[in-house]
Amino acid sequence: MIDTIFELPLRPNLARRRFMTCTAVAAGVAAAGAFAATSAQAKEKDSPASAPAPESEAAPVQATEAQRKFMQEATNLATESVEKGWGGPFGAVIVKDGEIIGRGQNRVLLTGCPVFHAEVTAIIDASERLNPKALLGSDYNAGAILEMIPRPPNSPDRVPQRAKMLKGCEIYINGAPCPMCMSAIYWSRIDHVYFAASLDDTSEIGFDDAFQYEDFKLPWEKRRNIAVTPDFERDLGLKAYRAWENKKDRHPY
């Protein structure tokens, strides 16, 4: 039942889904810093008595009829999660060529897994749909998300080609993504993020993600709440890096 609540039924490949979830989450710290400065500025307010300031001074974008439907679907998923006691009020859909290809909702309370966020599960759902077969040991055939594409012009990327992942897709979320989910979005190479409620809105209902964005700007040793010891047994950890560098048929992603 859990795997069929969406309009598009999820494939019950639990082992693969568990692996992909962990992979997306493990990327969390690396990419979130790039988004941190802008998001931290969004927390500033002109007056304590004023309403929460929007995270961008730009005028609101007028949604098309199709875009409103996508956001409505994300909100429906979020509301369902709340009403059924599955998790927090967060839902997401991934869109490609005007069609929803991935759905996700927060299921932290259903699973007891702290990383079961809407964006991550939507990315997993979309990835499974875009991959026509298991990819391990395959030739990464055209059409799968591991198909290699050249890096964008003027990109600082050191690697000339990477797997395309979810490039060409958009994600609609009913609330601002937390740093973990934003990092998963970066790694997925999604082209455009649309979110409704702001980080301030999210903080007001008890989900304070903004401080995490601020924390990423601090040196490792000054992170709040979590003790971090960098360069611990660095030479040992680098052995796996050398194995990747020496792998002739490595597949950058």
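Fair warning: this is a prediction, and the values are worked out from it, not measured in the lab.

*Asks:* Where do I start with the sheet that holds strand E6 (residues 192-197) in this structure?
*Replies:* Strands in a sheet are paired, the pairing made by backbone hydrogen bonds, and the direction either parallel or antiparallel. The four strands are arranged E2-E1-E5-E6 in an open sheet whose pairing can be described as mixed. Strand pairing shows two members of the sheet lacking a second neighbour, strand E2 (99-105) and E6, which therefore form its edges. Direction aside, neighbouring strands of the sheet carry axes that sit 15° apart on average. Of the pairings in the sheet, the one linking strand E1 (residues 91-96) to strand E5 (residues 169-175) comprises five bridges and is antiparallel in character. Bridge pairing links Val-93 to Tyr-172 in E5.

*Asks:* It is not clear to me how the environment of Pro-150 should be interpreted in this structure. Could you clarify?
*Replies:* Positionally, Pro-150 belongs in strand E3 (residues 148-150). Residue classification places Pro-150 among the exposed residues on the basis of a relative accessible area of 60%.

*Asks:* Quick question: what am I supposed to make of the side chain of Glu-119 here?
*Replies:* Note that Glu-119 resides in helix H5 (residues 118-130). Beyond its immediate chain neighbours, meaning those up to four positions away, Glu-119 contacts Ala-92, Ile-171, Ile-173, Gly-175, Pro-177, Cys-178, Cys-181 and Ile-185.

*Asks:* Would you mind going over a nonpolar patch on the surface with me for this structure?
*Replies:* A surface patch of nonpolar side chains, about 410 Å² in accessible area, is lined by Tyr-186, Trp-187, Trp-244 and Tyr-253. Within the fold, Tyr-253 resides in the segment after helix H9 (234-246). A residue is classified by how much of its surface remains accessible, and Tyr-253, at 41% relative accessible area, is partly exposed.

*Asks:* Mind showing me how you'd approach unusual backbone geometry here?
*Replies:* For residues other than glycine, phi is negative in most cases, and the peptide bonds are mostly trans. If you check the backbone angles, Met-165 has positive phi at about 55° while not being a glycine. For Met-165, the location among the structural elements is in the loop between strand E4 (161-163) and E5. A relative accessible area of 14% places Met-165 in the buried class.

*Asks:* I'm lost on the pattern of salt bridges in this one. Help?
*Replies:* One side chain can pair with another of opposite charge once the charged atoms of both are near each other. A complete count under the given rule lists eleven salt bridges for this structure. Across the pair Lys-164 and Glu-147 runs a salt bridge whose closest N-O atoms are separated by 3.4 Å. Here Lys-164 is found in the loop between E4 and E5, whereas its partner Glu-147 is found in the loop between H5 and E3, with 17 residues between them in sequence. Here Glu-147 falls in the partly exposed class, since its relative accessible area comes to 25%. The salt bridge partner of Lys-167 is Asp-191, with a shortest N-O separation of 3.6 Å. Of this pair, Lys-167 sits in the loop between E4 and E5 while Asp-191 is found in the loop between helix H6 (179-188) and E6, placing the two residues 24 residues apart along the sequence. For Lys-167, a relative accessible area of 40% translates into the label partly exposed. The network of salt bridges with common partners includes Glu-214, Asp-215 and Arg-224.

What counts, and at which threshold
- Residues numbered from 1 in each chain as written.
- Predicted model: local features only at pLDDT ≥ 70, side-chain atom pairs only at ≥ 80, totals over all residues.
- Heavy atoms only, no water.
- Pairing = 2+ DSSP bridges.
- Helix = DSSP H or I, 4+ residues; strand = E, 2+ residues; numbered from the N terminus.
- Axes fitted to C-alpha atoms, helices over the stretch in contact; angles between N-to-C directions.
- Buried < 20%, exposed > 50% of the residue type's maximum accessible area, 1.4 Å probe, protein only.
- Contact = heavy atoms within 4.5 Å.
- Patch = residues over 30% accessible without salt bridge, like charges linked within 9 Å, V, L, I, M, F, W, Y side chains within 5 Å.
- Areas by Shrake-Rupley, 256 points an atom, 1.4 Å probe, with all protein chains shown as cover.
- Salt bridge = Lys/Arg side-chain N within 4 Å of Asp/Glu carboxyl O.

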